[in-house]
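Structural description and commentary
Each chain, letter by letter, is given below.
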Amino acid sequence: MSGAIKKATGLTGLTVAQNPHHTLTALYNKILRAVAKMPQDAAYRRYTEQVVSDRAKIVASSPTVREIEQKINCGQVEELIVQAENELTLARKMLGWKPWEPLVKQAPATQWAWPPAKIHELK
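Residues numbered from 1 in each chain as written. Predicted model: local features only at pLDDT ≥ 70, side-chain atom pairs only at ≥ 80, totals over all residues. Heavy atoms only, no water.

Our next topic: the overall build of the protein chain. Along the backbone of the protein chain there are 5 helices and 0 strands. In sequence order, the protein chain lays out its α and β elements as α-α-α-α-α. Principal-axis analysis of the C-alpha atoms gives the protein chain an extent of 65 × 35 × 20 Å. Every one of the 123 residues in the protein chain was classed for burial, and the buried ones make up 28%. Across the protein chain, every contact between residues at least 6 apart in sequence was considered, and the portion connecting residues at least 24 apart equals 61%. Counting every atom, the protein chain has about 8,800 Å² of accessible surface; 56% of that belongs to carbon and sulfur. (Helix = DSSP H or I, 4+ residues; strand = E, 2+ residues; numbered from the N terminus. Buried < 20%, exposed > 50% of the residue type's maximum accessible area, 1.4 Å probe, protein only. Contact = heavy atoms within 4.5 Å. Areas by Shrake-Rupley, 256 points an atom, 1.4 Å probe, with all protein chains shown as cover.)

Within the fold, Thr9 resides in the segment before helix H1 (20–35). Owing to a relative accessible area of 8%, Thr9 belongs among the buried residues under this scheme. A distance of 2.5 Å separates the side chain of Thr9 from the backbone oxygen of Leu14, its partner in a polar contact. Apart from the residues within four sequence positions on either side, Thr9 is in contact with Leu14, Thr15, Val16, Gln76 and Glu78. (Polar contact = N/O pair within 3.5 Å; in protein donor to acceptor, adjacent residues only side chain to side chain.)

All right, on to the packing of H1 against helix H2 (residues 43–61) then. When two helices pack together, their arrangement is given by the angle between the helix axes and by the axis-to-axis distance. The geometry of H1 relative to H2 is characterised by a closest axis approach of 10 Å and an angle of 155 degrees between their N-to-C directions. Put simply, H1 runs roughly antiparallel to H2. The two elements H1 and H2 meet at a crossing, and its hand is left-handed. Residue-level inspection shows His21, Leu24, Thr25, Tyr28, Ile31, Leu32 and Val35 of H1 in contact with H2, the latter providing Tyr44, Arg45, Thr48, Glu49, Val52, Ser53, Arg55, Ala56 and Val59. Class assignment of the residues belonging to the contact of H1 with H2 gives a composition of 9 nonpolar, 4 polar and 3 charged. (Axes fitted to C-alpha atoms, helices over the stretch in contact; angles between N-to-C directions. Parallel < 35°, antiparallel > 145°, perpendicular 65-115°, else oblique. Left-handed = near helix turned anticlockwise from the far one by under 90°. Nonpolar A, V, L, I, M, F, W, Y, C, P; charged D, E, K, R; others polar.)

Our focus in this paragraph is the side chain of Glu78. Checked against the element boundaries, Glu78 lands in helix H4 (residues 77–97). Within the local environment of Glu78, its side chain forms a polar contact with the side chain of Lys6, the two groups lying 3.0 Å apart. In contact with Glu78, other than residues within four places in its own chain, are Lys6, Thr9, Leu14, Thr15, Val16, Ala17 and Glu69.

Another point: the packing of H1 against H4. Running from amino to carboxyl end, H1 crosses H4 at an angle of 20 degrees, the nearest separation of the two axes being 9 Å. The pairing of H1 with H4 is recorded here as roughly parallel in orientation. H1 and H4 meet at a crossing whose hand is left-handed. Facing Pro20, Thr23, Leu24, Leu27, Tyr28, Lys30, Ile31, Ala34 and Val35 of H1, the residues of H4 in contact are Val77, Leu80, Ile81, Ala84, Glu85, Glu87, Leu88, Ala91, Arg92 and Leu95. Counted by class, the contact of H1 with H4 contains 14 nonpolar, 1 polar and 4 charged residues.

Taking 1.5 Å per residue, 16 residues should reach 22 Å; H1 reaches 22 Å between its end C-alpha atoms and fits that length. For H1, the set of buried residues is Pro20, His21, Leu24, Leu27, Tyr28, Ile31, Ala34 and Val35. Within H1, the buried residues cover an arc of 165 degrees as seen down the axis, which keeps them to one side. Residues of H1 that are exposed and point over 90 degrees away from its buried face: His22 and Arg33. Where H1 is buried, its residues touch H2, helix H3 (65–72) and H4. (Expected span 1.5 Å × (residues − 1). Arc of directions from axis to C-beta.)

What follows is the structure, given as structure tokens:
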């Protein structure tokens, strides 16, 4: 679509993306394929699909990098690429972790109590 419109990102270690439309589209499609393997009622799938689908539509319909950055409003395209890479890594890990499955054994009743009961016993 459009060539690089800047010489640097201004962010240490983050170089200008040469083809951000292609890169983001490929990453978003990989994320969507990964979450499609999860149950439809899994919260992670629902919310990730929604965000990634919206971003993919913006990339497909926006001819310029600046327009993508403005519409998504989460940083420069190079940062969006890093975010998408991280999300893809997480989605693949979630497939292995299967957080939507029931617990193997019941969680302790005080699991979410704070401060832990042992601190009270010391006083």
